[in-house]
Structure formats: C-alpha cells, structure tokens
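# Structure assessment
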Amino acid sequence: MKNINIFLLGAALCGVMASCQQDPGDLGIAQTNPQEHVIEGSSAISLTLSSETAGKAIDIDYWLSINPAACFVPVFDVTRSDVCPADAELSYRLEVASDATYSDARVVELVDNSPESAPGTIFAVAPAALQEAFVGLFSKFETNERVLYIRVAAFMTIATEGLSTGTCVRLGGADHYYLAGQTLTVRPHVIPGLVAGTPGADGKDLAGSMRLQRNVNKDAPAYEYGGFVMIRNPFTIEQIGDLDFKLGLAADGSLSASSSTQIPVPAEGAGFYYVLISSTDGQNFSYSATRLTSVGCIGDFNDWGGDVALTPNADGTVWSGEVDFVKAGGWKFRMNGDWAISLGENLTDLYPFAKTNLDLTEAGVYSVVLDLSRLPYSARLTAR
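The following paragraphs examine the structure supplied in this document. Numbers given to residues run from 1 along each chain, matching the order in which its sequence is written. Restriction of local features to residues with pLDDT of at least 70 applies here, the model being predicted, together with a cutoff of 80 or more for giving and counting side-chain atom pairs; totals for whole chains, interfaces and linings are based on all residues. Excluded from the side-chain calculations are hydrogens and water; all other atoms, namely the structure's heavy atoms, are used.

## Re the pairing of strand 6 (residues 89-97)
- Counting buried residues in strand 6 gives eight out of nine residues, a clear majority hidden from the surface.
- For strand 6 and strand 10 (residues 146-158), the ladder comprises nine bridges, and the chain directions are antiparallel. Across the sheet, Glu89 pairs through a bridge with Thr157, a residue of strand 10.
- A pair of strands is considered paired only if DSSP assigns at least 2 bridges between the two. Labels follow the DSSP assignment, with helices taken as runs of H or I lasting at least four residues and strands as runs of E lasting at least two, numbered in each case from the N terminus. Of the strand pairs in this sheet, strand 6 and strand 7 (residues 106-108) are connected by three bridges, and their pairing is antiparallel. Per-residue accessibility, obtained with a 1.4 Å probe over protein chains only, is compared with the maximum for each type, and a residue is labelled buried under 20%, exposed over 50%, and partly exposed between these values.

Right under this line is the structure:
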C-alpha cells in the first residue's frame, strides 16, 4: 500500500513541475497553461462510494479493533475512462465537513488500498484519521453517530499529450469535486461523551456510569449535554476516553474543569434526575439537576392537550402504562408536565434535544414501556 499525497500548497502539490493547473485558492498562483482544457474534463475518471461503507454506519471502534496499524476504512473506488491517458498519474484530496456547505471542510489523508494487481482503484482512510476529523468537526465530547459530507478533488500529472513533463492539472477545473454532496455516517471511537459518575452519581465504574448526550441542534450552545442520572452520592462529570478531564462544582449552578470539588446530591435528595450542563468554551458549564416526578405521553392523539401518565418502577428508570392512541400522528414523551424535558426522534434512540416528534402510524390501545436506564434511551409499544 502507498500513501497518496495530499495537495495543499505550492510546489508540494506536484513536486518539481513546469506548471500545475489548480485554482489559485489551492496554490496561490493563477492558471496559465493554454493546453489545460485538453485534459481538464471530469469525465477522465469516475468515482463511486465503496460498497463496504456506503449507506452503513462506520463504527470506528470496529475498524480499530481489526488492526489499528494496517486496517483502512474504504471510502471510494476509481474507474478510469478511455479519455484518461494510460500513463497519467492520478492523485486525490478527500475533504469531510459537517454539512453540505463545506464551510468547515477538513482534509483527511488517503491511502491507496488497492490490490497489487489494480493499483489506484480503491482509496481508504485510516480509522484514527477519520476519528480525528470527526472530533474536529463536532466535539471530543460527541456521543452520537453523525453524518459527514464528503467531496474529492482529483489531480492528474501527465508526461505525454504534448504537455511538459510533470504538468499537473485538476480534473474538472478549479472548483470541481467528485462525490460532492455524498455522505458517510460515522460512529465515533468509544462514543466519546460525558458521564455522571465515578465515584458518584450511580456508584458504578466509568463503563457503567450514566451518560449525557450532546445537543447537536444548529441553534444549540457550543457545548450542551443532557441525560438521565440516578444520583445517590456526590459525583463528578467526566469525559469518556479521557479520565484527566473532569467537571467539578465551581459554585451553585456552575461547574468547571479546573474544580475537583464533587457535585453534591440535590436538595430534594437521592433519586432519578435529568442533568443539563451548558458551556460556550468547554471548560466552564452551567448546571442543573431536575428530579423526575412524572412522565407521560402527549400528541395528536389527544390534541396535545395534556399527558397520559405512565407509572415508574422502584428507582424511576423505567416508566410504563397503557395509552389509548385514538388517532395516528405525532407524539412525544414529556416529563414533569411541561416542555423543559421531552423525548422524541425515534423509539430505539430517544433524544432529549429532539425537535422531531415520534410517529404513530396506526391508532389503537398500546402498552408503553419507556427505558431511561441506559443509552440509547428506548421505548416499546405493544398493541393490546
């Protein structure tokens, strides 16, 4: 396998060369070669997403577990067309971004992962490099798998077709990208996030402690996390995968990464709480813990006119009951009879910051069981 050069600046792009036909934004020089259009067309090659990752969640932990040093995540396959010179050397730059504007695009180094018999046909990335880009685009605290938008710039170095030896052009022109708008779904390494525990909230070790999910809505604060936590003892909030990062009590209603003071049990006493923390800098957080006193179902079936109450188990982590959904439509779980805490998105991955309602397609009486004891939060509806 061989590493593919990532073209970023100046002569590093193509080595020593007579001229290189990229856009000024890539090289800082203008395009001047009049023969550029002879081979500039994007039809010289075609790129397709790898069948191993397209439409699937890329679990970084899985790929790292195979062989961290030698296992690569396939991203795209390349097919040369008849108009592509046989002796042309092709190179690629992969960019990933958090949305389709590519305003925060980051370059991820590519690896030629082709078989020896067909070099230059399969390109991949190291799982650690993909994880690093994921963290850079979102947060080292991210708890959810996310969609990454990708695009690929392709370059050709040619020594024939009447061009000077070493001439490099960007296929399709200065602003052309292959696979633009295509996406990859990535499940981050160890699902980095925040946990409430060790030694505290639930008396368990780090792996068993209750986790907080990040608010990924566009209008959310830079760092906001919420989740359901059984608080029995004073506790800290820690980052999964980085035990050196802990949030301790700084003052009433605020936490700080520079504080080692444990967060006390709320005045209401031990119980099941919704913990919410928020920050603009990732170091100093506002903090609140709201005890769950009720959980209910509300939606189109009752014209959003109040909660159909569910009954908790002994510790309040599981709520259940029978609900008459007299008509199909949108609905949510709501806590404490108001909208400060609610759950939506989908039944197998309920999300405390969801703007999307749950969807019931068939009216009827259902047995409803809501499990808040672990992530992902989930619910089960069984027709009576």
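## Concerning the layout of surface pockets
- Method remark: on a 1 Å grid restricted to protein atoms, a set of points is classed as a cavity if a 1.4 Å probe fits but cannot get out and as a pocket if it is open with protein on both sides within 12 Å along at least five of seven lines; lining residues have an atom within 4 Å of a point. Grid points are joined across faces, edges and corners, and a volume is the space filled by probe spheres set on the points. Taken as a whole, the largest pocket encloses approximately 650 Å³ of empty space.
- Together, 26 residues line the largest pocket, and Phe138, Arg146, Val216, Asn217 and Tyr351 are the ones closest to its centre.
- Take the lining of the largest pocket: its biggest share by element is three residues, from strand 10.

## Observations regarding the pattern of salt bridges
- Salt bridge criterion: a side-chain nitrogen from Lys or Arg within 4 Å of a carboxyl oxygen from Asp or Glu. All told, the structure shown has eight salt bridges when counted by the stated rule.
- When the shortest N-O distance is used, the salt bridge between Glu95 and Arg151 registers 2.8 Å. Remark: Arg151 occurs in strand 10 and Glu95 occurs in strand 6; sequence separation between them is 56 residues. Summarising the burial analysis for this pair, Glu95 and Arg151 share the class buried.
- A salt bridge links Glu322 to Arg384; its shortest N-O distance comes to 3.0 Å. Of this pair, Glu322 sits in strand 24 (residues 318-325) while Arg384 sits in the segment after strand 29 (378-383); the two residues are 62 residues apart in sequence, bridging distant segments of the chain. Take Glu322 and Arg384: they sit in the same class, and that class is exposed.

## Points about the side chain of Arg170
- When you line up the elements, Arg170 lands in strand 11 (residues 167-170).
- Under the rule applied, a polar contact is a pair of N or O atoms within 3.5 Å (in protein, one hydrogen donor and one hydrogen acceptor; residues adjacent in sequence only if both atoms are side-chain atoms). A polar contact of 2.9 Å, which involves the side chain of Arg170, links it to the backbone oxygen of Ala174.

## Digging into the sheet that holds strand 28 (residues 364-371)
- The strand order across the open sheet formed by four strands is 23-24-28-29, and the pairing between neighbours is antiparallel. Lying at the two open borders of the sheet, with one neighbouring strand each, are strand 23 (311-312) and strand 29.
- As judged from the two bridges shared by strand 23 and strand 24, these two strands associate in the antiparallel manner. Bridge pairing in strand 24 places Thr311 opposite Ser320.

## Points about the environment of Ala57
- Note on placement: Ala57 falls in strand 4 (residues 57-59).
- Along the primary structure Ala57 and Arg146 are separated by 89 residues, whereas in three dimensions their C-alpha atoms are 8.9 Å apart.
- Contact criterion: two residues are considered in contact whenever any of their non-hydrogen atoms come within 4.5 Å of each other. Residues within four places of Ala57 in sequence aside, it is in contact with Glu145, Thr185 and Arg187.

## Concerning the packing of aromatic side chains
- The aromatic pairing rule takes the rings of Phe, Tyr and Trp, using the six-membered ring of Trp, and pairs them if the centres are within 6.5 Å, calling planes under 30 degrees apart stacked, those over 60 edge-to-face and the rest tilted. Per the stated rule, a full pass over the model turns up 15 aromatic pairs.
- Ring geometry for Trp304 and Trp339: centres 6.0 Å apart, planes at 45°, overall tilted. Of the two residues, Trp304 sits in the loop between strand 21 (295-299) and strand 22 (308-309) while Trp339 sits in the loop between strand 25 (329-335) and strand 26 (342-343), which places them 35 residues apart along the sequence.
- Taking the relative accessible area as the measure of exposure, Trp304 reaches 30% and is therefore partly exposed.
- Look at Phe325 and Tyr366: their rings are 5.8 Å apart centre to centre, the planes differ by 80°, and that puts the pair in the edge-to-face class. In this pair, Phe325 is assigned in strand 24 and Tyr366 in strand 28, connecting sequence segments 41 residues apart. Like Tyr366, Phe325 is buried.
- Put simply, the rings of Phe301, Phe325, Trp331, Phe333 and Tyr366 touch in pairs and so form one group of aromatic residues.
- The residue whose ring lies beneath Arg151 is Tyr177, and the NZ or CZ to ring-centre distance is 4.0 Å.
- Should the NZ of a Lys or the CZ of an Arg lie within 6 Å of a ring centre and within 35 degrees of the ring normal, that charge is described as sitting over the ring. The residue whose ring lies beneath Arg170 is Tyr177, and the NZ or CZ to ring-centre distance is 4.6 Å.

From the geometry alone we can't say anything about function, so treat these as descriptive.
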